[in-house]
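In case you want the letters, here they are:
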Amino acid sequence: MIRRCPQCGTASDDIYGFCIRCGYEYPKIPQDQSACPLCGYPNPDEADFCVKCGTPLLFKSQFEGAHTAVKPIIIKKEIAAEPAVTPKKTSRFIIYLGYILSILGSIIGLIIAIYLITRKDPNAKKHGYIQLAIIIFYIVLIAVLYSMGAIPPEIITQYRQLLAGNFTSL
């Protein structure tokens, strides 16, 4: 603790028994229950830890008759929650158009399905995956029918069919 000399007014630490400027001898601080058991430093009555060395003043509460444990210091750190990003609602028109074009087996339907999958809107992602599943179903169906011989190779090689991007007339 810092003491102020009553003669010259100089502030000095109380580890010194004398004023560092004029030599005034400070009165002795009586050793009491608030003194640190490790370094002997006198602490304020409300201190639970030594203000000089940080040693817990466990014996202080025992002398006072209170059998309380050392009170831990709790620092509450609240992390600010990031503001929730509200995804932009994808237009229903794009979702409906994607369904129509994916059912027709169009390449544009595939593009719209991939577009919807890349959106942050969970509803748009769900519809994009459904549309992609429809297109994959058509591709697998055509591959199975082609491998079984139900679709002749001439139909797949027709350029007009590929340019139209529609596999429903196969």
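Residues numbered from 1 in each chain as written. Predicted model: local features only at pLDDT ≥ 70, side-chain atom pairs only at ≥ 80, totals over all residues. Heavy atoms only, no water.

Let's talk about the overall build of the chain
Logical step 1: Each helix and strand in the chain was counted, giving 6 helices and 2 strands.
Logical step 2: Ordering the α and β elements of the chain from the N terminus gives β-β-α-α-α-α-α-α.
Logical step 3: Across the 170 residues of the chain, 25% fall into the buried class. (Helix = DSSP H or I, 4+ residues; strand = E, 2+ residues; numbered from the N terminus. Buried < 20%, exposed > 50% of the residue type's maximum accessible area, 1.4 Å probe, protein only.)

Regarding the nonpolar core
In a soluble, globular protein the nonpolar side chains are often hidden away together inside.
Logical step 1: With 6 residues, the main nonpolar core is built from Ile95, Tyr99, Leu101, Ile112, Leu116 and Ala124.
Logical step 2: Those elements giving two or more residues to this core turn out to be α2 (92-103) and α3 (107-117).
Logical step 3: At 3 residues, the largest contribution of residues to this core is made by α2.
Logical step 4: For Leu101, the contacting residues outside a window of four places in its chain are Ser106, Ile108, Gly109 and Ile112.
Logical step 5: Listed in part, the 5 residues of the second largest apolar core include Cys36, Tyr41, Ala47 and Cys50. (Core = buried A, V, L, I, M, F, W, Y, C linked by side-chain atoms within 4.5 Å. Contact = heavy atoms within 4.5 Å.)

Let's talk about a nonpolar patch on the surface
Logical step 1: Among the surface-exposed residues, Ile136, Val140, Val144 and Met148 lie close enough to one another that they form a single nonpolar patch of about 380 Å² accessible area.
Logical step 2: You can see Met148 is positioned in helix α4 (residues 122-148).
Logical step 3: Judged by its relative accessible area of 65%, Met148 is exposed. (Patch = residues over 30% accessible without salt bridge, like charges linked within 9 Å, V, L, I, M, F, W, Y side chains within 5 Å. Areas by Shrake-Rupley, 256 points an atom, 1.4 Å probe, with all protein chains shown as cover. Salt bridge = Lys/Arg side-chain N within 4 Å of Asp/Glu carboxyl O.)

Quick notes on the confidence of the model for the chain
Logical step 1: For the chain, per-residue confidence averages 75 on the pLDDT scale, and residues scoring 70 or more make up 67% of the total.
Logical step 2: Within the model, pLDDT remains below 50 along residues 60-68, and this stretch shows 9 contacts once partners closer than five positions in the same chain are excluded. (pLDDT = per-residue confidence, 0-100.)

So, the environment of Thr90
Logical step 1: By the element assignment, Thr90 lies in the loop between α1 (58-64) and α2.
Logical step 2: With a relative accessible area of 14%, Thr90 lands in the buried category.
Logical step 3: For the pair formed by Thr90 and Ala124, sequence separation is 34 residues and the distance between their alpha carbons is 6.2 Å.
Logical step 4: What Thr90 contacts, discounting residues up to four positions off in sequence, is Leu116, Arg119, Asp121 and Ala124.

Things to note about the packing of α3 against α4
Logical step 1: Where α3 meets α4, the axes come as close as 7 Å, and the angle between the chain directions of the two elements is 150°. The pairing of α3 with α4 is recorded here as roughly antiparallel in orientation. Crossing of α3 against α4: the hand is left-handed. Contacts between α3 and α4 involve Gly109, Leu110, Ile112, Ala113, Leu116 and Ile117 on the former and, on the latter, Ala124, Lys125, Gly128, Tyr129, Gln131, Leu132 and Ile135.
Logical step 2: Of the residues that constitute the contact of α3 with α4, the class distribution is 9 nonpolar, 3 polar and 1 charged. (Axes fitted to C-alpha atoms, helices over the stretch in contact; angles between N-to-C directions. Parallel < 35°, antiparallel > 145°, perpendicular 65-115°, else oblique. Left-handed = near helix turned anticlockwise from the far one by under 90°. Nonpolar A, V, L, I, M, F, W, Y, C, P; charged D, E, K, R; others polar.)

Details of α3
For an α-helix, the turn length of 3.6 residues means that residues three or four places apart are oriented alike.
Logical step 1: Residues of α3 that are buried: Gly109, Ile112, Ala113, Leu116 and Ile117. Seen along its axis, α3 keeps its buried residues to an arc of 140°; they face one direction.
Logical step 2: Contacts made by the buried residues of α3 are with α2 and α4.
Logical step 3: Regarding α3, its N-cap is Ser106, as a side-chain oxygen of that residue lies 3.1 Å from the backbone nitrogen of Ile108 further along. (Arc of directions from axis to C-beta. Polar contact = N/O pair within 3.5 Å; in protein donor to acceptor, adjacent residues only side chain to side chain.)

Description of α4
Logical step 1: Taking 1.5 Å per residue, 27 residues should reach 39 Å; α4 reaches 39 Å between its end C-alpha atoms and fits that length.
Logical step 2: Burial in α4 covers these residues: Ala124, His127, Gly128, Gln131, Ile135 and Ile142.
Logical step 3: Tucked into the core, α4 has its buried residues touching α2 and α3. (Expected span 1.5 Å × (residues − 1).)

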